[in-house]
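Architecture at a glance
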Amino acid sequence: MAASAPTPHGTGFPIEGRCGYYVEKKKRFCRMVVAAGKRFCGEHAGAAEEENARKRILCPLDPKHTVYEDQLAKHLKKCNSREKPKPDFFIQDINAGLKDETEISEQLVPISSLSEEQLENLIKKLRKASEGLNSTLKDQIMSHPALHDALHDPKNGDSATKHLKQQASILGNIEKLKLLGPRRCFVEFGAGKGKLSHWVDIALKDAEEVHFILVEKVTTRFKVDGKHRKKNSVFERLQIDIQHLCLNKIPLLSKEKLPVVGIGKHLCGVATGFLPLKKRRK
């Protein structure tokens, strides 16, 4: 139901400058900003304005949004989800392992089908590969004074507190390893909104020659990048999958030649397997 007058739901009027379409499921008006002179946002214009016969369809590049069918060709040329020219630091599958390793999945067989001899050989290989590995993991939950005020903010909910504790622990561990200092470049893998780099920047205060490269494969909303205004810090965001990222070809790294510290908080197991550790700078 669309409305621009008081409704029986007690919601009053839509916010000025926002869409006048009432979203029944959410029991409120849509909060999207509308163009000058318009009552409804693009998503709801077709449903709310019966006089408008133009049809909206799902974008073939990203079904999370819609587009007028008669403007599809024009939209595809400027859609944020369109394929863009690959930068120099994009090298297909550079961190995905050797070609023959990527084809192992085609050779997988259940262990139960192995003969006794094959099974013994497999066990020997696994034992040899694991020799010398320290498989004992120890929890080391730490904190850092840079997040003290944020951690004790009474406005925090459970989710915010959880993330702040994780970020504080990461900073504490980075400092214990003596990696939290000036004249280096922090590469945050799976950066998301960039909050981990944000806190590292705050912890470093006025440290000189500190650069940050935020790597994220998808477009991210509500980024905190705009909060960084310190003269000694440089922030750069790269939209790329870690699987195809060649650190040696990132202009900032090749130009400044600073030591690299890799950090991350939002990485799944597959992503950590793609980390270009063999290519990191010493």
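Residue numbers here run from 1 along each chain, matching the order of that chain's written sequence. Thresholds applied to this predicted model are a pLDDT of at least 70 for local features of residues and 80 or more for the giving and counting of side-chain atom pairs; totals over whole chains, interfaces and linings are not thresholded and use all residues. Here the side-chain values reflect all heavy atoms present in the structure, with hydrogen atoms and water set aside.

You'll find the protein entered in an unreviewed UniProt entry as tRNA:m(4)X modification enzyme TRM13, with Vicugna pacos given as the organism. UniProt positions are given in the numbering used here, feature names are shortened, and annotations may be inferred rather than shown by experiment. If you open the UniProt record of the protein and go to Function (unreviewed entry), you find "tRNA methylase which 2'-O-methylates cytidine(4) in tRNA(Pro) and tRNA(Gly)(GCC), and adenosine(4) in tRNA(His)." UniProt lists a comment for the protein under the heading Sequence similarities (unreviewed entry), and it reads "Belongs to the methyltransferase TRM13 family."

**Concerning unusual backbone geometry**
Negative phi is the rule for most residues except glycine; trans is the rule for most peptide bonds. Not every positive phi belongs to a glycine, and K27 is a case in point at roughly 60°. Secondary structure elements follow DSSP: runs of H or I no shorter than four residues count as helices, runs of E no shorter than two count as strands, and numbering proceeds from the N terminus. Of note, K27 is situated in the loop between β1 (22–23) and β2 (28–29). Even without being glycine, K257 reaches a positive phi, approximately 55°. On the secondary structure map, K257 appears in the loop between α8 (251–256) and β8 (260–264).

**Some details on the pairing of strand β5 (residues 184–189)**
Summarising burial for β5: six of the six residues are buried, a large majority. Working definition: with a 1.4 Å probe on protein chains only, accessible area under 20% of the residue-type maximum means buried, over 50% means exposed, and in between means partly exposed. Here β5 shows no split at all, with R184, F186 and E188 on one side and C185, V187 and F189 on the other all buried. Two strands are said to pair when DSSP picks up at least two bridges between them. In this sheet, strand β6 (residues 210–216) lies alongside β5 in parallel orientation, the contact comprising six bridges. The residue of β6 that forms the bridge with C185 is H211. In terms of strand pairing, β5 meets β8 through five bridges, oriented parallel. Bridged to F186 within β8 is V261.

**Section: the side chain of N95**
With respect to the element layout, N95 can be found in the loop between α2 (72–78) and α3 (99–102). Judged by relative accessible area, which is 8%, N95 ranks as buried. A 3.5 Å cut-off defines polar contacts: any pair of N or O atoms within that distance qualifies, except that in protein one atom must be a possible hydrogen donor and the other a possible acceptor, and neighbouring residues in sequence count only when both atoms are side-chain atoms. From its side chain, N95 meets the backbone oxygen of L245 in a polar contact 2.9 Å long.

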